[in-house]
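This is what each chain is made of:
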Amino acid sequence: MICTAMDYLMINNRHKMNIDYSLYLVTDRHAVRNSDFITAIQNALIGGCTMVQLREKDTSGYDFYTLAVQVKKLTDHYHVPLIINDRIDIALAVNAAGVHIGQHDMPAIIARKLLGKDKLLGVSVTSVKQAQAAMADGADYIGVGAMFPTNTKKDACIVTMAELRKIRAVIPLPIVIIGGIDIDTIPFFQDIGINGLALISAILSQPDIRQSAATLKQQFIKCCINNE
């Protein structure tokens, strides 16, 4: 019997197959304009965010841990997975659902060993080669982008639609796109087969965070789920 890549993933990751990546909030305290940070995350969750990645690049380990404890209480209440950006120690300390790493962070293969098989591991990629390496090293999902220019990460490499299609064609893992995604750009992805949108300012910087999250989720379902 010959097992395809998807067969392998289903056999070895059954407990991870029901993760909903559709509206994946990536946090940035500096993007929040009209409420405190914790309230902003709560409103995003009420609006329909299905995953939260706590991303704190400019804070101490102690402050990151303290914040992660607060956010974990929220995500647990709404039954949403909490992903920690980069910091495996913080993720393990608060029993987060997993970790997300970039190409310049700890190698994915080492991150997987430290996390164990049960935690989620996400890896940011910009090419087919990076995506294939991430899958081989134990990633559960990949983040592709930036798809469009973004003020959140001005030095981000832009990924073409053609490259995204190539990644989708060869990678059976869930794919979340990031970078300049908003209500107007979501329709561009309707026939590609992505699994979710990773969003920062399109949710956190809006006057009504709850409504913005709900509207974005509806647009994603309309364009990228119902049209598949």
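Everything below is about the structure shown above.
Throughout this document, residue positions are counted from 1 along each chain, in the order its sequence is written. With pLDDT at 70 or above as the cut-off, local features in this predicted model cover only qualifying residues; side-chain atom pairs require 80 or more to be listed or tallied, and sums for whole chains, interfaces and linings still use all residues. Hydrogens and water are ignored here; the side-chain numbers use all heavy atoms of the structure.

Draft legend 1. Local environment of the packing of helix H2 (residues 37-47) against helix H3 (residues 61-77). Running from amino to carboxyl end, H2 crosses H3 at an angle of 25°, the nearest separation of the two axes being 10 Å. The orientation of H2 with respect to H3, classified from their angle, is roughly parallel. Between H2 and H3 lies a crossing whose hand is right-handed. Note on element contacts: H3 touches H2 through Leu 67, Gln 70, Val 71, Leu 74 and Thr 75, opposite Phe 37, Ile 38, Ile 41, Gln 42 and Leu 45. Residue composition of the contact of H2 with H3, by class: seven nonpolar, three polar and no charged. Angles run from 0 to 180 degrees between N-to-C directions of axes, and those axes are lines fitted to C-alpha atoms, restricted for helices to the stretch in contact. A helix here means a DSSP run of H or I that spans at least four residues, while a strand means a run of E at least two residues long, and both kinds are numbered starting from the N terminus. Under this scheme an angle from 65 to 115 degrees is roughly perpendicular, one under 35 degrees roughly parallel, and one over 145 degrees roughly antiparallel; angles in between are oblique. The sense of a crossing depends on the near helix, which, turned anticlockwise from the far helix by less than a right angle, makes the crossing left-handed and, turned clockwise, makes it right-handed. The contact criterion used is simple: two residues touch if any of their non-hydrogen atoms lie within 4.5 Å. Lys, Arg, Asp and Glu make up the charged group, whereas Ala, Val, Leu, Ile, Met, Phe, Trp, Tyr, Cys and Pro make up the nonpolar group; the residues left over, Gly among them, are polar.

Draft legend 2. Looking closely at the packing of aromatic side chains. Paired rings are identified among Phe, Tyr and Trp, the last through its six-membered ring, by centres lying within 6.5 Å, and are further divided according to the angle between planes into stacked (under 30 degrees), edge-to-face (over 60) and tilted (the rest). Applying the stated criterion to the full structure yields four aromatic pairs. Consider the rings of Tyr 21 and Tyr 141, whose centres lie 5.1 Å apart with planes at 50°: the pair is tilted. You can see Tyr 21 sitting in the loop between helix H1 (5-12) and strand E1 (23-26) and its partner Tyr 141 sitting in strand E6 (residues 141-144), a full 120 residues away along the chain. Side by side, Tyr 21 and Tyr 141 carry an identical accessibility label, which is buried. Geometrically, the ring pair formed by Phe 148 and Phe 189 is edge-to-face, given 6.0 Å between the ring centres and 80° between the ring planes. When a residue's accessible area, from a 1.4 Å probe over protein chains only, is under 20% of the maximum for its type it is buried; when over 50% it is exposed; and in between it is partly exposed.

Draft legend 3. Structural view of the nonpolar core. Counting residues in hydrophobic clusters, the biggest one holds 73 residues, and the most contacted among them are Ile 142, Ile 194 and Ile 203. A per-element tally of this core places helix H9 (residues 209-225) first, with six residues. Apart from residues no more than four positions distant in its own chain, Ile 142 is found in contact with Val 123, Val 125, Ala 131, Ala 134, Ile 167, Ile 171, Leu 173, Pro 174, Ile 175 and Val 176. Here, nonpolar core means buried Ala, Val, Leu, Ile, Met, Phe, Trp, Tyr and Cys residues that are tied together by side-chain atoms lying within 4.5 Å of each other.

Draft legend 4. A look at the sheet that holds strand E8 (residues 196-199). Spatial strand order, E1-E2-E3-E4-E5-E6-E7-E8: eight strands in a closed barrel with parallel pairing. On average, adjacent strands in this sheet sit at an angle of 25° to one another, irrespective of strand direction. In this scheme, strands are said to pair when DSSP sees at least two bridges between them. As paired elements, strand E2 (residues 51-54) and strand E3 (residues 82-85) share three bridges and run parallel to each other. The residue of E3 that forms the bridge with Val 52 is Leu 82. Taken strand by strand, H3 contacts E2 and E3, and its axis lies near 160° from that of E3.

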